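Here's the letter readout for the chains.
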Amino acid sequence: MGHVRLLHTSDWHVGRTFHGLDLLAEQDAVLAHLADVVAAEGVDVVLVSGDIYDRAVPSAEAVQVANRALSRLRHAGAHIVLTSGNHDSAPRLGAFGEFAAAGGLHLRTTIDRIADPVLLDDEHGPVALYGIPYLEPEPARHALGVTGARGHTGVLTEAMRRIRADLADRAPGTRSVVLAHAFVTGGAPTESERSIAIGGVEQVPGAVFDGADYVALGHLHGPQTLAEHLRYSGSPVAYSFSEAQQRKSVWIVDLDASGLAGVRRHELPVPRRLAKITGRLADLLADPAHDELAECYLSVTLTDPVRPVDAMRLLRERFPHAVHLEWQPENGKTSAALRYAAAVRGRSDEEIAHGFLDDCRGAPPNEREAALLRTALEKADREDAA
């Protein structure tokens, strides 16, 4: 092996839905592309930094997609080093880890293996790849024997101390790579990550990871560079409209004799674009400028002064993949926050019903609607009196 080439990915969240829609087909397609990259780029090791699944107990279909992705990567020629994230069940993900390692899948999901690296060799010598699973601070500080440690910074500091101690005992010039699932200071979150805040503090300083030649971070869903050696790959698929402008990607990382030789970004295919539009319903349905959005997952903000009736059904006739709808009237009218007692004090049932309709849609009932409400209320009064 002339040199070691890595592919850094994370946050697959296999099994996640998008506004109620199943994304397994999209996830399967993008993860299949990773195997093509491995083959085309001659990647030696794929690093997956946590959140393989979106839930601790994934569906059978999600497991099939993840298994298929890992199998493709291995058949494309790469070893795989994989850690558990805050969405994963570490015990489930790590099951049969010793057997998986024989086939080139190296699982790092337990605290006792933090300083037990996957070792590779190239013409320059050994490369040690360490995997830090997501560390829940309270149980992790006891398991690590640092009961005085505080929050994520405390337990990750101890994890890196162990890694540096192991590295110090290895041959001079051994290069090191660390996988970690954490919120590192300077990273930019999106709306689709689950908070890992403990006691109000979830961020850890990047200096915690000093000493590693490359740190493959997971947890934040946008690709970003905190330092040349400290990067988030981001998720391979967008999971919120806050990610609509992101270009999903992976990092191709090269190591040479001295350590980190270079990092390149490889953009991933987009199964279906995300887009947002704002305006009055009639305009959105008629404007030919929006034709290009017909195949996008769409978030729509309606600005009609009165909330349109059956808006989502009408939108989906033109935009079949509209999945999210908000109403923000252009006149700025919003419902006042009132306590129930204040909202009904001194008002008749009919006045309360009219006020409710006005608050919900931005306009009082018309004559026909008022007549229907009156009839319904009179019928309710007769039934109560019977």
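Parameters and conventions
Residues numbered from 1 in each chain as written. Predicted model: local features only at pLDDT ≥ 70, side-chain atom pairs only at ≥ 80, totals over all residues. Heavy atoms only, no water. UniProt positions renumbered as here; feature names shortened; annotations may be inferred. Helix = DSSP H or I, 4+ residues; strand = E, 2+ residues; numbered from the N terminus. Rg over C-alpha atoms; globule rule 2.2 N^0.38 Å. Buried < 20%, exposed > 50% of the residue type's maximum accessible area, 1.4 Å probe, protein only. Contact = heavy atoms within 4.5 Å. Areas by Shrake-Rupley, 256 points an atom, 1.4 Å probe, with all protein chains shown as cover. Lys, Arg positive; Asp, Glu negative; His and termini not counted. Charge placed at Lys NZ, Arg CZ, Asp CG, Glu CD. Pairing = 2+ DSSP bridges. Expected span 1.5 Å × (residues − 1). Axes fitted to C-alpha atoms, helices over the stretch in contact; angles between N-to-C directions.

- Going by the annotation in an unreviewed UniProt entry, the name recorded for the protein chain is Nuclease SbcCD subunit D, with Amycolatopsis tucumanensis given as the source organism.
- Of the protein chain, the UniProt comment under Subunit (unreviewed entry) reads exactly: "Heterodimer of SbcC and SbcD."
- UniProt, in the comment section headed Function (unreviewed entry), describes the protein chain in these words: "SbcCD cleaves DNA hairpin structures. These structures can inhibit DNA replication and are intermediates in certain DNA recombination reactions. The complex acts as a 3'->5' double strand exonuclease that can open hairpins. It also has a 5' single-strand endonuclease activity."

**As for the overall build of the protein chain**
Logical step 1: Across its full length, the protein chain carries 11 helices and 19 strands.
Logical step 2: Relative to the 2.2 N^0.38 estimate, which gives 21 Å for 386 residues, the radius of gyration of the protein chain is 27 Å and therefore markedly larger than a compact globule would have.
Logical step 3: Principal-axis analysis of the C-alpha atoms gives the protein chain an extent of 90 × 50 × 35 Å.
Logical step 4: Taking all 386 residues of the protein chain together, 47% fall into the buried category.
Logical step 5: Intrachain contacts of the protein chain at a sequence separation of at least 6 include 68% that bridge at least 24 residues.
Logical step 6: About 18,300 Å² of surface is accessible on the protein chain, with carbon and sulfur atoms providing 52% of the total.
Logical step 7: If the 39 positive side-chain charges of the protein chain are averaged to one point and the 53 negative ones to another, these points end up 2 Å apart.

**Thoughts on the pairing of strand 7 (residues 118–122)**
Logical step 1: Only one face of strand 7 is covered, namely the face carrying V118, L120 and D122; the face carrying L119 and D121 is uncovered.
Logical step 2: Relative to strand 8 (residues 125–132), strand 7 runs antiparallel, the two being bridged by 5 bridges. Among the inter-strand pairings, D122 is bridged to a residue of strand 8, identified as G125.
Logical step 3: The loop that links strand 7 with its antiparallel partner strand 8 comprises 2 residues.

**Let's talk about helix 1 (residues 24–41)**
Logical step 1: Taking 1.5 Å of rise per residue, 18 residues should cover 26 Å, and helix 1 covers 26 Å from first to last C-alpha, within 8% of that figure.
Logical step 2: Turning to helix 1, its buried residues are L24, E26, Q27, D28, V30, L31, L34, A35, V37 and V38.
Logical step 3: Downstream of helix 1 by a residue or two, G42 has a phi angle that is positive, lying close to 65 degrees.

**A short note on the sheet that holds strand 15 (residues 249–256)**
Logical step 1: Taken together, the 6 strands give an open sheet; going across it, the order is 6-5-4-1-15-16, and neighbouring strands pair in mixed fashion. The strands lining the two open edges of the sheet, one partner per strand, are strand 6 (105–108) and strand 16 (259–267). The mean angle between the axes of side-by-side strands here comes to 20 degrees, regardless of whether they run parallel or antiparallel.
Logical step 2: The pairing of strand 5 (residues 79–83) with strand 6 spans 4 bridges and is classified as parallel. Residue pairing for strand 6: I80 is matched across the bridge by L105.
Logical step 3: Along the sheet, helix 1 makes contact with strand 1 (4–9), strand 4 (45–49), strand 15 and strand 16, crossing strand 1 at roughly 165 degrees.
Logical step 4: Strands in contact with helix 2 (residues 60–75) are strand 4, strand 5 and strand 6; relative to strand 5, the strand with the most contacts, it is inclined by about 145 degrees.

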